Amino acid sequence: MTNDDQLRMILAGLSDLKERSPFYREKYRDLDLSAVKTWEDFRKLPMTDKHELRDAYPLGLQAVPEKDVVRIHSSSGTTGTPVIIPYTKQDVDDWSEMFERCYRMAGVTDMDRVHVTPGYGLWTAGVGFQAGAERLGAMVIPMGPGNTDKQIRMMQDLRSTVLCATSSYALLLAEEIEKRGVKESIRLRRALIGSERWGDKMRKRIASELGVKLYDIYGLTEIYGPGVGISCDCDSGIHYWSDFIYIEIIDPKTGKNVPDGETGEIVITTLRKQGAPLIRYRTHDLSRIIPGRCECGSEFPRIATLIGRTDDMVKVKGVNIFPGQIDEIISEAEGASSEYQVMIDHLNGRDIMTVFFETKLPAGEKEKLEGAVCDMFKSRVGLTIVAKAVPMGDLPRSEKKSNRIFDNRY
Ligand code: ZN
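## With respect to the overall build of the protein chain
The number of helices and strands found in the protein chain is twelve helices and 21 strands. Against the 2.2 N^0.38 benchmark of 22 Å for 410 residues, the protein chain shows a C-alpha radius of gyration of 23 Å, consistent with a compact globule. C-alpha extents for the protein chain along the principal axes are approximately 75 × 60 × 40 Å. Here the protein chain, with 410 residues, has 52% of them falling under the buried criterion. For the protein chain, long-range pairs separated by at least 24 residues make up 63% of all intrachain contacts whose partners lie at least 6 apart in sequence. Only carbon and sulfur atoms are counted for the fraction: they give 50% of the accessible area of the protein chain, which is about 18900 Å². Where the 57 positive side-chain charges of the protein chain centre and where its 61 negative ones centre are 1 Å apart.

Next up, the structure:
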């Protein structure tokens, strides 16, 4: 799928978008979509954000006649009104085709037994994992979440070979298997992990405790659900299905597109979706395009593993900084532990970012490590910081990365 093919599909979709979708008829009321002809024109189209989808509750996004809708899914309504996405028969088929590709990318075959633990129902996860595995011809064990005893028993008795789970549930299962001393009777060899952003340390723990190869699956309910992309054997980012979705990366503050390779917000346009097509949908997920072809041989383009949400981003001296980047640097700095805290202050007319991190090193060696951390921030983020090494146990513990950054400027 070349860039030109994608543009052709986008323009074809735009040609009758206003007739199909009441939502976009209203949103793009003052725009002549037939005047959109180039990528430049397309990038000027106003983006679509989640609150607009919420305002369309319940079925304002529906872009096909009632008879063509076969199912709805809903994104979690943690902040109030949920978003309802209608699917046509074709949408459901397309989604399972993408999901089947994910399984193939992960080396799953029709001889595998796929243990599905994500939830079923309004949420897209469980049924998506199931449909793709069935399409592939594998045996699905549709567990859903919870009841750890039963999960482990079925895993043993049915000899599940593939685990589908969120990162936190995979970790919980790994710990329970360890605790019960039943690892010998578990046959898992691969795990498809989705729907949460998770650190490298957690990933390594799950992989080693379960003895599996891990694959990161990407997706969101507004755009089909999980399964629009997955990592490959080379662990070098997430391949996404560019014949179904178009991905661009923007600066979340300015809304402008950033060059390939630069980190920003993932914005997705659906290329074939019928029930609820979306144009330039802001995901608020942070990643970057990885230029070039992957060593695995796949021609599908890649984004990097997600590094956080736009809400967690801070801007210091004109540079966007994400908790995931700080995480990465601290975890790579030799001698630094994984605990850190960031203070951003405004003193004498300029921003100052101080990064505190813990270390076991003696006083004499701390300065060297501080210098190394400063250099890493300078070269990777393009920002001069103040690095302060503190003794182990000095910093408060927090589960959430975003709680480690304190912006004292406002
Ligand atoms: Zn690859």
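## Some words on the coordination of the zinc ion
Within the protein, the zinc ion binds to C232 (SG), H239 (NE2), C294 (SG) and C296 (SG); these donor distances fall in the range 2.1 to 2.3 Å. For the zinc ion, the four donor atoms in the first shell make angles of 102 to 115° at the metal, a pattern classed as tetrahedral. For the zinc ion, the single-chain donor residues occur in sequence as C-x6-H-x54-C-x1-C. In this pair, H239 is assigned in strand 9 (residues 238-240) and C294 in the loop between strand 13 (289-290) and strand 14 (302-303), connecting sequence segments 55 residues apart. Across the pair, exposure class does not vary: H239 and C294 are buried alike.

## Comments concerning the sheet that holds strand 19 (residues 350-359)
Hydrogen bonds between backbone groups are what pair the strands of a sheet, and the pairing can be parallel or antiparallel. What the four strands build is an open sheet, ordered 20-19-18-21; its pairing is mixed. Of all the strands in the sheet, just strand 20 (386-391) and strand 21 (405-407) have a single pairing partner and so form its edges. Each strand of the sheet is rotated relative to its neighbour by a mean of 15°, with strand direction disregarded. In this sheet, strand 21 lies alongside strand 18 (residues 336-347) in parallel orientation, the contact comprising three bridges. Looking at strand 21, one finds that V342 is bridged to I405. Together, strand 18, strand 19 and strand 21 form the strand contacts of helix 11 (residues 323-332), whose direction differs from that of strand 18 by roughly 130°. Strands strand 18, strand 19 and strand 20 of the sheet are contacted by helix 12 (residues 363-380), whose axis makes an angle of about 140° with strand 20.

## Details of a nonpolar patch on the surface
A contiguous nonpolar surface patch, about 250 Å² in accessible area, is contributed by L59, I72 and L122. The residue L59 is located in the loop between helix 5 (50-55) and strand 1 (69-75) in this model. Among the residues examined, L59 registers a relative accessible area of 41% and is labelled partly exposed.

## Some words on the nonpolar core
Y103 and L192 are the most contacted members of the largest nonpolar core, which has 66 residues in total. Ignoring any residue separated from it by four or fewer positions in sequence, one finds Y103 in contact with V108, V114, F129, G132, A133, L136, C164 and L192. Among the nonpolar cores identified, the runner-up in size contains 25 residues, and V319, V342, M353 and V355 belong to it.

## Describing the packing of aromatic side chains
The final tally for this structure, using the stated rule, is nine aromatic pairs. An angle of 55° between the planes, with centres 4.8 Å apart, marks the rings of F99 and F129 as tilted. With a gap of 30 residues between them, F99 in helix 6 (residues 89-105) and F129 in helix 7 (residues 125-136) connect regions that are remote in the sequence. Assigned by exposure class, F99 and F129 land together as buried. Counting every residue linked through ring pairs, the aromatic cluster contains F23, Y24 and Y28. Sitting over the ring of F244, R272 keeps its end group 4.1 Å from the ring centre. Over the ring of Y340 we find R404; its NZ or CZ atom is 4.9 Å from the centre of that ring.

## Focus on the domain arrangement of the protein chain
Each assigned domain of the protein chain is listed here: domain 1 (88-310) and domain 2 (313-407). Placing a centre on the C-alpha atoms of domain 1 and another on those of domain 2 gives a separation of 31 Å. With nine residues of domain 1 at the contact, the number on the domain 2 side is eight residues. Buried area between domain 1 and domain 2, summed over both chains or domains, comes out near 800 Å², and the portion from carbon and sulfur atoms is 57%. Inspection of the domain 1/domain 2 interface yields zero salt bridges. Seen at the junction of domain 1 and domain 2, the total is two residue pairs in polar contact (both at pLDDT 80 or more). Within the side of domain 1 that touches domain 2, the residues separate by chemical class into three nonpolar, two polar and four charged.

The rules behind the values
Residues numbered from 1 in each chain as written. Predicted model: local features only at pLDDT ≥ 70, side-chain atom pairs only at ≥ 80, totals over all residues. Heavy atoms only, no water. Helix = DSSP H or I, 4+ residues; strand = E, 2+ residues; numbered from the N terminus. Rg over C-alpha atoms; globule rule 2.2 N^0.38 Å. Buried < 20%, exposed > 50% of the residue type's maximum accessible area, 1.4 Å probe, protein only. Contact = heavy atoms within 4.5 Å. Areas by Shrake-Rupley, 256 points an atom, 1.4 Å probe, with all protein chains shown as cover. Lys, Arg positive; Asp, Glu negative; His and termini not counted. Charge placed at Lys NZ, Arg CZ, Asp CG, Glu CD. Donors = N, O, S within 2.8 Å, 3.2 Å for Na, K, Ca; no water. Tetrahedral: all angles 85-135°; square planar, octahedral: opposite > 155°, others 65-115°. Pairing = 2+ DSSP bridges. Axes fitted to C-alpha atoms, helices over the stretch in contact; angles between N-to-C directions. Patch = residues over 30% accessible without salt bridge, like charges linked within 9 Å, V, L, I, M, F, W, Y side chains within 5 Å. Salt bridge = Lys/Arg side-chain N within 4 Å of Asp/Glu carboxyl O. Core = buried A, V, L, I, M, F, W, Y, C linked by side-chain atoms within 4.5 Å. Phe/Tyr/Trp six-rings, centres within 6.5 Å; stacked < 30°, edge-to-face > 60°. Lys NZ or Arg CZ within 6 Å of the ring centre and 35° of its normal. Domains from an automatic or database assignment. Buried area = accessible area lost by both parts, 1.4 Å probe. Polar contact = N/O pair within 3.5 Å; in protein donor to acceptor, adjacent residues only side chain to side chain. Nonpolar A, V, L, I, M, F, W, Y, C, P; charged D, E, K, R; others polar.

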